[in-house]
Amino acid sequence: MATRHSRSAARLMMAPAVILLLGWMLVPLTMTLWFSFRKYLPLRGGDLGWAGLENYSRFVSSSAFWPSVQATLIIVGGVLAITVCLGILLALLLDQPMWGQGVVRILVIAPFFVMPTVSALVWKNMFMDPVNGLFAHLFKAFGAEPVSWLSQAALPSIILIVSWQWLPFATLILLTAIQSLDREQLEAAEMDGAPPLKRFWHIILPHLSRAVTVVILIQTIFLLSVFAEIFVTTQGAFGTRTLTYLIFQRVLESQNVGLGSAGGVYAIILANIVALFLMRIVGKNLDR
Amino acid sequence: MGRITLDKVTKSFGAVEVIPPLDLTIEDGEFTVFVGPSGCGKSTLLRLIAGLEDVSSGQIRIDSKDATDVPPARRGLAMVFQSYALYPHMSVRKNIAFPLRMARMDRAEIDRRVEAAASVLNLTDYLDRRPGQLSGGQRQRVAIGRAIVREPAAFLFDEPLSNLDAALRVGMRLEISELHERLTTTMIYVTHDQVEAMTMADRIVVLRAGHIEQVGSPLELYRTPRNLFVAGFIGSPRMNFIEGELARRVGAHTLGIRPEHIAVSDSGGEWSGTVGVSEHLGSDTMFHVHGTGLAETITVRADGEVGFKHGDRIHMTPRPDAMHRFDAAGLRIG
Ligand SMILES: Nc1ncnc2c1ncn2[C@@H]1O[C@H](COP(=O)(O)OP(=O)(O)OP(=O)(O)O)[C@@H](O)[C@H]1O
Ligand SMILES: [Mg+2]
């Protein structure tokens, strides 16, 4: 790919994909931008003309805005922390030679194949239900008062559900990273007098840094737009209204497309701020 | 101090016995080389000494203290791996300092030792680079640096030069030999390259399938190989083996003669044949001679200027005092 000729050929061949992707991205983006400047109430008169920045100022000044940003960040941060930490532990565990390794690995990966709606329903009805849930039975068995998870600890519950879904992804990527670690490095460290914890800290963790970065970046993209898990469980109540969910409510429940679109633009800005932060903190791991 | 004794050490992986009972003593300050063909258990033996593998039975003593169950870090040995096993995310300085940091040595002492090691190994200019930014030979030196700062009782090398090109290999060979002269620490060196073994070793241990075939100084092995295997393994090019009538006449099953102990001539000699391939090394020339009636090929080493061509008739005379006799079991006679 070094010559000028082959580079221009490469550009030509990449063009269709790039154009398709651009169109894919630009059309909805422009429509969102367009609607965000209109007063558009589908059930109350339709497109009622230019609105200026009114949608933007109304969306931010709504009392639900800042709590929703906060909820979004807490969910993203919580899930990232849980999946990365547990993912590293699980990956270390799965890397050990053990009986039934193949089956265990498949079982660990299984949650990733369950659709978000289904897994949220399963968690809500089978585990977290205050009357029939498994947790409730467990609490009762120990003589404790069952917790009504989705109202008393709604945000942690949602973080738990989403983490459960994303843990396999993190584990899988981190496991492959651990497996690519040169065994002789660990043996060298062992001979150099590093006990297991120090070997983990000085050798394994730095080796994993790139994989952790990939996990964090990819998960963040998806976690910023978590929706089904909230829709199925709390419907945005008890402090679980994320930015995504707030936009959904504005558009569908209040039937205000303009306001929702302005929210969408804020969501893009938030995502970019988060991405900027992440690239600052962990992105340098990638360019090695 | 670094006297290492293996006492009836065995190692099995599952049902496969890789090292049958083996006794060996490596004296303090000795440069010992393990040689043998691929898969004969050299690395396994070294890893047993290092403690990276557990012995299946037997005892390992370091300085007459039982070290069989001592973890690798506390055996006081340092190892240089074939892949160097440098820590890629640490600078050269941190790599070399790592064992000292693990030993909780104080900063100033660490710096002093790292600087000293770096100057011995010509690494001073590279201390702040990452291993990925170094050449193969430099990486090798970092690995050696990481080993010497600990001032271990013995160094273990597992084919440390096999990833280097020929010229660099010769250079590093000298450097390691010099290092040994300077440190006078016990060194155990694994290789399958018999030139490395011959040039560096005080003592060579020839292994085959986990068995020790012979232990001795390079010249002992060269002059009096105990059996056919050692005779064929030590020396380059390989010793010629002659069976049949000629061997029977001197009371042997196999007769061995090294290529450098055969004189060539174009007029007359004891044996004669046709020159096949000839390899010109400049200083010497190797002729592969066919049709002698003694063996399929006889290899001869002659002066570089001797000019036989493919298909020429060649006459050869072996040096009678350099003949090795072996019996039917392959053991040396006399
Ligand atoms: N972890 C292991 N499990 C099972 N068998 C093993 C293991 N490690 C080594 N072996 C076997 O033990 C034998 C000796 O291996 P070893 O690595 O010591 O050979 P080597 O002499 O170092 O060879 P080379 O010159 O190719 O490095 C080989 O037959 C190998 O297949
Ligand atoms: Mg080996």
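Not measured: the values here are computed from a predicted model.

A. Geometry of helix 2 (residues 92-102) of chain B. Counted residue by residue, helix 2 of chain B has 8 buried out of 11 residues, so it is predominantly covered. Considered for burial, the residues of helix 2 of chain B that qualify are B:V92, B:N95, B:I96, B:A97, B:F98, B:P99, B:L100 and B:M102. Here the buried face of helix 2 of chain B lies against helix 9 (183-191) and helix 10 (196-223) of chain A together with helix 3 (107-120) and helix 4 (136-148) of chain B. Looking one or two residues past helix 2 of chain B, B:R104 carries a phi angle of roughly 55°, positive in sign.

B. Broad picture of the sheet that holds strand 4 (residues 57-62) of chain B. Residue and element names in this part refer to chain B. Strand order in this open sheet of 4 strands is 2-1-4-5, and the pairing throughout is antiparallel. Looking at strand neighbours, the two that pair on one side only are strand 2 (16-26) and strand 5 (65-66), the edges of this open sheet. Across 5 bridges, strand 1 (residues 4-13) lies against strand 4 in antiparallel orientation. Residue pairing for strand 4: D7 is matched across the bridge by Q59.

C. Region of the structure containing the packing of aromatic side chains. Within this structure, the stated rule accounts for 28 aromatic pairs over all chains. Relative to A:F135, the ring of A:W123 lies with its centre 6.4 Å away and its plane at 55°, an arrangement referred to as tilted. Of this pair, A:W123 sits in helix 5 (residues 116-127) while A:F135 sits in helix 6 (residues 134-141); the two residues are 12 residues apart in sequence, bridging distant segments of the chain. Given a relative accessible area of 9%, A:W123 falls into the buried group. Judged by relative accessible area, A:F135 falls into the partly exposed class, the value being 22%. Geometrically, the ring pair formed by B:F157 and B:Y189 is tilted, given 5.6 Å between the ring centres and 40° between the ring planes. Here B:F157, found in strand 7 (residues 154-158), pairs with B:Y189, found in strand 8 (residues 186-191); they are 32 residues apart in sequence, far enough to count as distant. Since its relative accessible area comes to 0%, B:Y189 is described here as buried. Put simply, the rings of A:F37, A:W50, A:Y56, A:F59, A:F65, A:W66 and A:Y266 touch in pairs and so form one group of aromatic residues. Here the guanidinium or amino end of B:R146 rests over the ring plane of B:Y87, the centre of that ring lying 4.5 Å away.

D. Expanded view of the site of ligand 1. Residue and element names in this part refer to chain B. Neighbouring residues of ligand 1: F13, V18, S38, G39, C40, G41, K42, S43, T44, E159 and H192. Here ligand 1 loses 56% of its free accessible area of 640 Å² to cover by the protein chains. Examining the composition of the shell around ligand 1, we find that 3 residues originate from one element, helix 1 (residues 42-50), more than from any other. Considering only residue class, the shell around ligand 1 consists of 3 nonpolar, 6 polar and 2 charged.

E. Looking closely at the packing of helix 4 (residues 101-109) of chain A against helix 8 (residues 154-179) of chain A. Residue and element names in this part refer to chain A. For the pair helix 4 and helix 8, interaxial distance at closest approach is 8 Å and the crossing angle is 140°. Compared by their axis directions, helix 4 and helix 8 come out oblique. In this structure, helix 4 contributes R105, V108 and I109 to the contact, and helix 8 contributes P168, T171, L172, L175 and Q179. Split into classes, the residues belonging to the contact of helix 4 with helix 8 amount to 5 nonpolar, 2 polar and 1 charged.

F. Local environment of the nonpolar core. With 90 residues, the main nonpolar core has B:I4, B:L6 and B:F34 as its most contacted residues. Top contributing element to this core by residue count: helix 8 of chain A, with 11 residues. Every residue in contact with B:L6, bar those within four places of it in the chain, is listed here: B:L22, B:D23, B:L24, B:L45, B:I49, B:Q59 and B:I60. Membership of the second largest hydrophobic core comes to 44 residues, among which are B:L100, B:L127, B:I176 and B:V206.

G. Up close: the sheet that holds strand 18 (residues 324-326) of chain B. All names here are of chain B. Taken together, 4 strands build an open sheet; the order of strands is 11-12-18-19 and the sheet is antiparallel. The two strands at the open ends of the sheet, each matched to only one other strand, are strand 11 (240-243) and strand 19 (332-333). Examined bridge by bridge, strand 18 and strand 19 share 2 bridges and lie antiparallel to one another. Bridge assignment links R325 to a residue of strand 19, and that residue is I333.

H. Region of interest: the interface of chain A and chain B. Taken residue by residue, the interface counts 16 residues in chain A and 24 residues in chain B. One can count 3 salt bridges joining chain A with chain B. A salt bridge links A:D192 to B:R146, with the nearest nitrogen and oxygen atoms 3.6 Å apart. Viewed at the interface, chain B and chain A are joined by 8 residue pairs in polar contact (both at pLDDT 80 or more). At 7 residues, helix 9 of chain A tops the list of elements feeding residues into the side of chain A that touches chain B.

I. Seen up close, the UniProt feature "transmembrane region" (unreviewed entry) in chain A. The positions UniProt marks with the feature "transmembrane region" (unreviewed entry) are residues 12-37, 71-94, 106-123, 153-175, 211-238 and 258-279 of chain A. As annotated, residues 258-279 of chain A has a helix share of 100% and a strand share of 0%, and its two end C-alpha atoms lie 32 Å apart.

J. Local environment of the pairing of strand 7 of chain B. All names here are of chain B. Counting buried residues along strand 7, 5 of its 5 residues qualify, which places the element largely inside the surrounding structure. Burial along strand 7 is two-sided: the face carrying A154, L156 and D158 and the face carrying F155 and F157 are both buried. Pairing of strand 6 (residues 77-80) with strand 7, which is carried by 4 bridges, proceeds in the parallel orientation. Residue pairing across strands places L77 opposite A154, the latter belonging to strand 7. Examined bridge by bridge, strand 7 and strand 8 share 5 bridges and lie parallel to one another.

What counts, and where the lines are drawn
Residues numbered from 1 in each chain as written. Chains lettered and ligands numbered in written order. Predicted model: local features only at pLDDT ≥ 70, side-chain atom pairs only at ≥ 80, totals over all residues. Heavy atoms only, no water. Buried < 20%, exposed > 50% of the residue type's maximum accessible area, 1.4 Å probe, protein only. Helix = DSSP H or I, 4+ residues; strand = E, 2+ residues; numbered from the N terminus. Contact = heavy atoms within 4.5 Å. Pairing = 2+ DSSP bridges. Phe/Tyr/Trp six-rings, centres within 6.5 Å; stacked < 30°, edge-to-face > 60°. Lys NZ or Arg CZ within 6 Å of the ring centre and 35° of its normal. Near = heavy atom within 4 Å. Areas by Shrake-Rupley, 256 points an atom, 1.4 Å probe, with all protein chains shown as cover. Nonpolar A, V, L, I, M, F, W, Y, C, P; charged D, E, K, R; others polar. Axes fitted to C-alpha atoms, helices over the stretch in contact; angles between N-to-C directions. Parallel < 35°, antiparallel > 145°, perpendicular 65-115°, else oblique. Core = buried A, V, L, I, M, F, W, Y, C linked by side-chain atoms within 4.5 Å. Salt bridge = Lys/Arg side-chain N within 4 Å of Asp/Glu carboxyl O. Polar contact = N/O pair within 3.5 Å; in protein donor to acceptor, adjacent residues only side chain to side chain. UniProt positions renumbered as here; feature names shortened; annotations may be inferred.

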